[in-house]
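Analysis of the macromolecular model
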Amino acid sequence: MERIPILKVGQYLLITIQVDLHDKMILALQDELTNMIVKTGARGILIDISALEIVDSFIGRVLAQVASCAKLLDAETVVTGMRPAVAITMVELGISMKGVHTALNAEDGMELLNDILHRDEYAHDFSAIN
Amino acid sequence: MLIKASVKRISALLGFSLVNQTKIITAAAELSRNALIYADQGKFKISVLDDTRRKGLQMIFSDSGPGIENIEQAMKDGYTSGHGMGLGLGGSKRLMDEFDIKSAIGVGTTISVTKWV
Ligand SMILES: Nc1ncnc2c1ncn2[C@@H]1O[C@H](COP(=O)(O)OP(=O)(O)OP(=O)(O)O)[C@@H](O)[C@H]1O
Ligand SMILES: [Mg+2]
């Protein structure tokens, strides 16, 4: 089976979904990603979906599950590059993807992850002072 | 995957906007997945409608699976008998212009959807 590569960049994991997904591939990705988070201690996950022509209820659900699973393992997830037509269609379909951060492109996504993680650090510092 | 490719090509040829092509392909993904999950397999038919005033694309998904006992309930957003989000049927209806569902227990389910250009 073809696999979706997961790259480690600093404290982040990068996934670029390049092909239209088969169900088995995305389920395998979910497994592998959770293992990688634990193994590498990654704090952020960036999933680029700019190549996806559609996001149906199945893919939407898996993306949301990946994000909530990552959250339990202390990592934040940002989905980047969603096509405008895909966004419009997802809203009409009724998929909300709660808990998933989004950014227009991978660069913005990285910045967003940096912001979120630093915000966390400040919060930690602050609670330490009190 | 084959369904997606043919729906994409035909909807593009008919002149649907990119957004509407995306809506049609997404509805096809939802309805074919349902047939696969709940009935193991199904038949897919795609047709071009031409009523002289306008053109349309019609897709029919039929299966001889277990059928749906309560169609009204199945159509509701959030209702699932499995592990889904319960969005496939209601969502497809919103994405298309016309939506017709017929189902009988032990016989199967046929869903016909149409979008006009
Ligand atoms: N072809 C079918 N044959 C039998 N039952 C069906 C069929 N399609 C849908 N159903 C029933 O209708 C319910 C609602 O379907 P719908 O597609 O809206 O949601 P789902 O498949 O459960 O979740 P989602 O599509 O969001 O992943 C299903 O859970 C199933 O019980
Ligand atoms: Mg469904």
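Quantities reported herein were computed from a predicted structural model and do not represent experimental measurements.

Looking only at helices and strands, one finds 4 helices and 5 strands in chain A. In chain A, the succession of α and β elements from N to C terminus is β-β-α-β-α-β-α-β-α. The C-alpha atoms of chain A give 15 Å as radius of gyration, which agrees with the globular expectation for 130 residues (14 Å, within 12%). Its C-alpha atoms give chain A principal-axis dimensions of about 50 × 30 × 25 Å. Across the 130 residues that make up chain A, the buried fraction comes to 42%.

All names here are of chain B. A sheet is described by the order of its strands in space; here 4 strands give the open sequence 1-2-4-3, paired in antiparallel fashion. One side of each edge strand has no neighbouring strand; the edge strands of this open sheet are strand 1 (43–50) and strand 3 (98–104). Taken pair by pair, the neighbouring strands of this sheet meet at an average axis angle of 10°, ignoring direction. Where strand 3 and strand 4 (residues 108–116) come together, 7 bridges link them in antiparallel fashion. Residue pairing for strand 4: Ile101 is matched across the bridge by Ile111. Strands strand 1 and strand 2 (55–63) of the sheet are contacted by helix 1 (residues 2–13), whose axis makes an angle of about 5° with strand 1.

Moving on, we get to the interface of chain A and chain B. Accessible area lost upon the coming together of the parts is a frequently used measure of interface size. Each partner contributes residues to the interface: chain A has 20 residues there, and chain B has 20 residues. Here chain A packs against chain B, burying approximately 1800 Å² in sum over the two surfaces, 61% of which is carbon and sulfur. Between Arg33(B) and Asp56(A) there is a salt bridge, with its nearest N and O atoms 3.2 Å apart. Scanning the region where chain A abuts chain B turns up 7 residue pairs in polar contact (both at pLDDT 80 or more). Mapped onto the side of chain A that touches chain B, the elements with two or more residues apiece are helix 2 (57–72) and helix 3 (84–93) of chain A.

So, on to the confidence of the model for chain B. Close inspection of predicted coordinates is inappropriate for parts of the model with low pLDDT. Looking at chain B as a whole, its pLDDT mean stands at 96, while 99% of the residues score no less than 70. Listed scores for the predicted complex are pTM 0.93 and ipTM 0.93.

The next thing to look at is the site of ligand 1. Around ligand 1 sit 18 residues, and of these Asn34(B), Tyr38(B), Thr80(B), Ser81(B) and Leu87(B) come closest. Residues close to ligand 1 are split across chains A and B. Note that an oxygen atom of ligand 1 is positioned 3.1 Å from one of the side-chain N or O atoms of Ser57(A). A distance of 2.8 Å separates an oxygen atom of ligand 1 from a polar side-chain atom of Tyr38(B). For ligand 1, the protein covers 94% of the area, taking 600 Å² as the surface of the free molecule.

Before going further, it helps to examine a nonpolar patch on the surface. Residues and elements named next belong to chain A. Among the surface-exposed residues, Val38, Leu72 and Leu73 lie close enough to one another that they form a single nonpolar patch of about 320 Å² accessible area. Mapped onto the elements, Leu72 comes out in helix 2. Residue Leu72 is classed as exposed on the basis of its relative accessible area of 76%.

All names here are of chain A. Reading across the sheet, the 5 strands line up as 1-2-3-4-5 and stay open at both edges, with mixed pairing between neighbours. Looking at the sheet topology across the chains shown, the edges are occupied by strand 1 (6–9) and strand 5 (101–103). With direction set aside, neighbouring strand axes in the sheet form an average angle of 25°. Note: strand 2 (residues 12–16) against strand 3 (residues 44–48), 5 bridges, orientation parallel. Bridging across to strand 3, Tyr12 finds its partner in Gly44. Each of strand 1, strand 2 and strand 3 is contacted by helix 1 (residues 23–40), which is oriented at about 160° to strand 2, the strand it contacts most. The sheet strands contacting helix 2 are strand 3 and strand 4 (76–80), and the helix crosses strand 4 at an angle near 150°.

When the terminal C-alpha atoms of helix 2 of chain A are compared, their 23 Å separation across 16 residues agrees well with the 22 Å that a helix rising 1.5 Å per residue should span. Every buried residue of helix 2 of chain A is listed here: Ser57(A), Phe58(A), Ile59(A), Gly60(A), Val62(A), Leu63(A), Val66(A), Ala67(A) and Ala70(A). In the core, the buried residues of helix 2 of chain A are packed alongside helix 1, strand 3, strand 4 and helix 3 of chain A together with helix 2 (18–39) of chain B. Looking one or two places after helix 2 of chain A, you find Asp74(A), whose phi comes out positive at around 65°.

Conventions used here
- Residues numbered from 1 in each chain as written.
- Chains lettered and ligands numbered in written order.
- Predicted model: local features only at pLDDT ≥ 70, side-chain atom pairs only at ≥ 80, totals over all residues.
- Heavy atoms only, no water.
- Helix = DSSP H or I, 4+ residues; strand = E, 2+ residues; numbered from the N terminus.
- Rg over C-alpha atoms; globule rule 2.2 N^0.38 Å.
- Buried < 20%, exposed > 50% of the residue type's maximum accessible area, 1.4 Å probe, protein only.
- Pairing = 2+ DSSP bridges.
- Axes fitted to C-alpha atoms, helices over the stretch in contact; angles between N-to-C directions.
- Contact = heavy atoms within 4.5 Å.
- Buried area = accessible area lost by both parts, 1.4 Å probe.
- Salt bridge = Lys/Arg side-chain N within 4 Å of Asp/Glu carboxyl O.
- Polar contact = N/O pair within 3.5 Å; in protein donor to acceptor, adjacent residues only side chain to side chain.
- pLDDT = per-residue confidence, 0-100.
- Near = heavy atom within 4 Å.
- Areas by Shrake-Rupley, 256 points an atom, 1.4 Å probe, with all protein chains shown as cover.
- Patch = residues over 30% accessible without salt bridge, like charges linked within 9 Å, V, L, I, M, F, W, Y side chains within 5 Å.
- Expected span 1.5 Å × (residues − 1).

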